[in-house]
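# Fold and geometry: a report
Read off the chains here:
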Amino acid sequence: MIELIQTYLPNVYQLGWGGDNGWGTAIYYTLYMTIIPFIIGGSLGLGAGLLLVMTAPQGVLENKYVYWVLDKIISIFRAIPFIILLAIMFPIALLLVNSVIGPDVANISLSVAVFAFFVRQVQVVLSELDKGVIEAAQASGATTWDIVLIYITEGLPDIIRVSTVTIISLVGETAMAGAIGAGGLGHVAISYGYNRYNNDVTWVATICILLIIFGVQFLGDFLTKKISHK
């Protein structure tokens, strides 16, 4: 197996598995820049999505001022292309992590991008839930926290579905961040593949990214179906 890789994928073999630019490190950085921003941005997005739905007109906590301000903030961040968002968030990243390159710097911009994308997904999902269930809960004296739990429980299959879409989009953004110094498979594909005309490196990096995406899609579909059938 090793001999085949040396023969047909010489540049892939030369990079090796370990080291700062090895395949193991690149895969780790890509997963790191996917998991951490999704936890941070996804948690904030879920909370903001709930707040948007609940403060919307005819919502449980109807408040047109809170809704308007939050909606406009999200719309602004959602409209900014990710490559520009990286540049905008650079001073904040420098202040927080005291570095100019690396996955920790990228994670800040990625978290903001996930937040802006995911909150809209959550808003759509929760807005489409049967309002009769919420009205029945209110009529029975449910607290605000009880209604939040109802929203999450009723919308869980669709929340998992849009989480899958968000993570897949995030994997693509990690590749973009990697191309400008954050590390990961995107960095390997551009710096050691495309820029050096090493097509084998570019193809293997692309295949690794696709495998991660297929894995996320499979897990998301599995969880959605499992929960939907309960």
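Residues numbered from 1 in each chain as written. Predicted model: local features only at pLDDT ≥ 70, side-chain atom pairs only at ≥ 80, totals over all residues. Heavy atoms only, no water.

What follows is about the overall build of the protein chain. When helices and strands are tallied, the protein chain shows 11 helices and zero strands. For the protein chain, the sequential pattern of α-helices and β-strands runs α-α-α-α-α-α-α-α-α-α-α. With the principal axes as the frame, the protein chain shows a C-alpha extent of 70 × 45 × 25 Å. In the protein chain, buried positions account for 42% of the 230 residues. Summarising the internal contacts of the protein chain: among those between residues at least 6 apart in sequence, 70% fall at separations of at least 24. Accessible area for the protein chain stands at about 12900 Å²; split by element, carbon and sulfur atoms hold 67% of it. Within the protein chain, one finds 10 positive and 14 negative side-chain charges whose respective centroids are separated by 5 Å. (Helix = DSSP H or I, 4+ residues; strand = E, 2+ residues; numbered from the N terminus. Buried < 20%, exposed > 50% of the residue type's maximum accessible area, 1.4 Å probe, protein only. Contact = heavy atoms within 4.5 Å. Areas by Shrake-Rupley, 256 points an atom, 1.4 Å probe, with all protein chains shown as cover. Lys, Arg positive; Asp, Glu negative; His and termini not counted. Charge placed at Lys NZ, Arg CZ, Asp CG, Glu CD.)

Here the UniProt-annotated "transmembrane region" (unreviewed entry) positions come out as residues 26–53, 73–94, 100–119, 167–190 and 202–223. Helix makes up 100% of residues 26–53 and strand 0%, and the two end C-alpha atoms of the span are 39 Å apart. When the span residues 73–94 is considered, its composition is 86% helix and 0% strand, and the gap between its end C-alpha atoms is 23 Å. (UniProt positions renumbered as here; feature names shortened; annotations may be inferred.)

For the rest of this paragraph, the subject is a nonpolar patch on the surface. Nonpolar side chains collect at one region of the surface, where Leu31, Ile35, Ile36, Ile39, Ile40 and Leu44 lie side by side and expose about 500 Å² of accessible area between them. Position of Ile40 among the secondary structure elements: in helix α3 (residues 23–55). For Ile40, a relative accessible area of 41% puts it in the partly exposed group. (Patch = residues over 30% accessible without salt bridge, like charges linked within 9 Å, V, L, I, M, F, W, Y side chains within 5 Å. Salt bridge = Lys/Arg side-chain N within 4 Å of Asp/Glu carboxyl O.)

What follows covers the packing of α3 against helix α7 (residues 103–127). Viewed as axis vectors pointing N to C, α3 and α7 meet at an angle of 40°, and their least axial separation amounts to 6 Å. Between α3 and α7, the angle falls in the class oblique. Two packed elements cross with a definite hand, and for α3 against α7 that hand is right-handed. The class makeup of the residues in the contact of α3 with α7 is 22 nonpolar, eight polar and two charged. (Axes fitted to C-alpha atoms, helices over the stretch in contact; angles between N-to-C directions. Parallel < 35°, antiparallel > 145°, perpendicular 65-115°, else oblique. Left-handed = near helix turned anticlockwise from the far one by under 90°. Nonpolar A, V, L, I, M, F, W, Y, C, P; charged D, E, K, R; others polar.)

A few words on the confidence of the model for the protein chain. Across the protein chain, the average pLDDT comes to 90, with 98% of residues at 70 or higher. The spread of mean pLDDT over the elements of the protein chain runs between helix α1 (residues 2–8), the lowest at 76, and α3, the highest at 95. (pLDDT = per-residue confidence, 0-100.)

Attention shifts here to the packing of aromatic side chains. Here the structure, examined in full by the defined rule, presents three aromatic pairs. Look at Tyr28 and Tyr29: their rings are 5.8 Å apart centre to centre, the planes differ by 45°, and that puts the pair in the tilted class. Here Tyr29 falls in the partly exposed class, since its relative accessible area comes to 27%. Centroid distance Tyr28 to Tyr32: 6.0 Å. Interplanar angle 15°. Geometry classified as stacked. (Phe/Tyr/Trp six-rings, centres within 6.5 Å; stacked < 30°, edge-to-face > 60°.)

Here we come to α3. Over its 33 residues, α3 extends 47 Å from the first C-alpha to the last, a length consistent with the 48 Å expected when each residue adds 1.5 Å. When the local axis directions of α3 are compared, the greatest deviation, roughly 25°, occurs at Phe38. (Expected span 1.5 Å × (residues − 1). Bend = angle between axes of the 7 residues up to and from the residue.)

It is worth spelling out the environment of Ile147 at this point. Structurally, Ile147 is set in helix α9 (residues 144–182). Given the relative accessible area of 2%, Ile147 is considered buried. As a C-alpha pair, Ile147 and Met54 span 93 residues in sequence and 9.4 Å in three-dimensional space. Among all residues touching Ile147, those that are not within four sequence positions of it are Met54, Val60, Ile134, Gln138 and Ala142.

Before going further, it helps to examine the nonpolar core. Counting residues in hydrophobic clusters, the biggest one holds 30 residues, and the most contacted among them are Phe82, Leu85, Ala106, Leu110, Phe118, Leu126 and Tyr151. Secondary structure elements with two or more residues in this core: α3, α5 (82–88), α7 and α9. When near neighbours in sequence (up to four residues on either side) are disregarded, Phe82 contacts Ser109, Leu110, Ala113, Glu173, Met176 and Ala177. Listed in part, the 18 residues of the second largest apolar core include Trp23, Leu185, Cys208 and Ile212. (Core = buried A, V, L, I, M, F, W, Y, C linked by side-chain atoms within 4.5 Å.)

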